[in-house]
Amino acid sequence: MGQTLKVPHTLVLLLGMMVVALLATWVVPQGFFETSVTESGRQMVVAGTYQLVEQKEFLTPWDLLTAIPKAFAQAQDVIFFVLIVGGVLSIARATGTVDALIGRLLEKHGTKPQRLIFMVVFCFALASSTIGTAGEYIPFVLILVALCKAMKLDAMTAVGMIVAGYGIGYGVSAFNPFTVLIAQQIADIPVYSGIELRLAIFVPFVLIGFHHVWSYAKKVSNDPSQSMMIGVPCPLEGQAKPNYPKLNKRHQTVLFSFIITLCIAVWGIATKGWYLYELGGLFVAWGVVIAIIGKLSADETAERFIDGVSELVTTAVLIGVARGIALILEDGQILHTLVYSLSSPLSHVAAEISAVGMLVIQTFLNTFIPSGSGQAYVTMPLMVPVGDLVGVPRQVAVLAYQFGDGFSNMIIPTNAVLMGILGMAGVPYTHWFRFCLPLIGKLLLAASIVLVLAVSFGYGLDVQPIIE
């Protein structure tokens, strides 16, 4: 009775979810929707075409084992980006710039961490809302962990700042090109339409995220025994407490080169359609630049890069295995069955309830379709006709989709970016789940109220297509 329940390692948890997914393929009816190919080459489901398969695909334990290397292959872009960022940041640390930056931030915000927390949540949410940044936040993880440690906070606070900004930004996005614009195109309503409401709710939702993170940080600051990270080794554990150097001209030049790198990344994402391969290459180039600025030898640069990569091998493994859960459901032909079974009851309830039901369904399905654009192509062709049938404007259906996709990104273990951030910060998924679940509850409650009011006031009726 005196023993406490041992929390399983995150890898054990993910492998257990893969086993559950495999068992589900044995009992859940297998079926599929017909798909059509869009102009961009993406497959989109066709509403009203769901049918059971004529011949079931029986997955065996061997398929479970082979799904792991397949999942690593499918998640390779995120995995390699994380490893490259870890290596390049290790080079940056060798120049002393990171310690100097932390020292400068402590001078300005050391006595007012609430100001820092709000700035990080707001800025990350703004970036996600406008240009759809996500994996680009990984370079900031260890910097914020070190900063929080110096402010007598913990790694959970650092992750909370990043993920709250990332998830809320996606959830209340004004014009994220990877989610909102794709969903509006599928729903056949003008892109950028309805932006006034999305801009109006941005700050209130950001404040919900800030309040949650700051309440926890204040509790830990007042009483360190309240930290959820007690007994969990910090990734910076064992490192001597740095004597923060002054931010000199060389450090400022490294930071300026980092800002230039981020500006190039934003330009590439917005105009060239860059993603993780291109961004990874950009960070490699930045690593070379800062090695030159920092006057590091070629051998020292190589050693630092390898050290940084080796520190993130565990993170890379978790990212790869997380992708395996959705892969099992796809190969077992039950993903479309889940979508069909969940969406069908919505056609029998009132419009306000149906809108909230869309939010619940999108939240649940994001576990199995963690790609925002992928989820839009699978779910929006089904939600639009259901909404037309019960009186939910298509603009509201898009809003329910982005709420469900964005907020749940903060907690689902199949989200490779989330697992990368947690792994880099050394935060076990089970601990993060306990921290994040109340925040998800608050956000979903606020989102449900917004959806009910949106239906009541006819949000989106001005762009609603006339159904012949």
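Above this text you will find the structure in question.
Since the model is a prediction, treat every value here as computed from it, not as a measurement.

Novice: So what exactly am I meant to see when it comes to the environment of Phe 175 here?
Specialist: Among the secondary structure elements, Phe 175 is positioned in the loop between helix H7 (155–171) and helix H8 (180–186). Contacts of Phe 175, omitting those with residues within four sequence positions, involve Ser 129, Thr 130, Leu 181, Tyr 192 and Ile 195.

Novice: So what exactly am I meant to see when it comes to the packing of aromatic side chains here?
Specialist: Remark: the centre distance and the inter-plane angle together describe each pair of aromatic rings, the angle taken between the planes. Within this structure, the stated rule accounts for 22 aromatic pairs. A ring pair is formed by Phe 33 and Tyr 340, whose centres lie 6.2 Å apart and whose planes are at 65 degrees; its orientation type is edge-to-face. Here the residue Phe 33 occupies a position in the loop between strand E1 (31–32) and strand E2 (35–37), and Tyr 340 occupies one in helix H15 (residues 335–343), the gap between them amounting to 307 residues. The exposure class of Tyr 340 is partly exposed, given its relative accessible area of 37%.

Novice: For this particular structure, what's the right way to read the nonpolar core?
Specialist: Among soluble globular proteins, nonpolar side chains are generally buried collectively. Phe 205, Met 380, Phe 403, Val 427 and Trp 432 are the most contacted members of the largest nonpolar core, which has 158 residues in total. For this core, the element with the highest residue contribution is helix H20 (residues 429–456), accounting for 13 residues. Those residues in contact with Phe 403, other than ones at most four positions away along the chain, are Gly 171, Val 172, Ile 201, Leu 359, Ser 408, Ala 447, Val 450 and Leu 451.

Novice: Looking at this model, I keep getting lost on a nonpolar patch on the surface. Mind explaining?
Specialist: The grouping of Val 19, Leu 23, Trp 26, Val 27 and Phe 58 at the surface amounts to a nonpolar patch, some 490 Å² of accessible area in total. Tracing the sequence through the fold places Val 19 in helix H1 (residues 10–27). Judged by relative accessible area, Val 19 falls into the partly exposed class, the value being 36%.

About the criteria used
- Residues numbered from 1 in each chain as written.
- Predicted model: local features only at pLDDT ≥ 70, side-chain atom pairs only at ≥ 80, totals over all residues.
- Heavy atoms only, no water.
- Helix = DSSP H or I, 4+ residues; strand = E, 2+ residues; numbered from the N terminus.
- Contact = heavy atoms within 4.5 Å.
- Phe/Tyr/Trp six-rings, centres within 6.5 Å; stacked < 30°, edge-to-face > 60°.
- Buried < 20%, exposed > 50% of the residue type's maximum accessible area, 1.4 Å probe, protein only.
- Core = buried A, V, L, I, M, F, W, Y, C linked by side-chain atoms within 4.5 Å.
- Patch = residues over 30% accessible without salt bridge, like charges linked within 9 Å, V, L, I, M, F, W, Y side chains within 5 Å.
- Areas by Shrake-Rupley, 256 points an atom, 1.4 Å probe, with all protein chains shown as cover.
- Salt bridge = Lys/Arg side-chain N within 4 Å of Asp/Glu carboxyl O.

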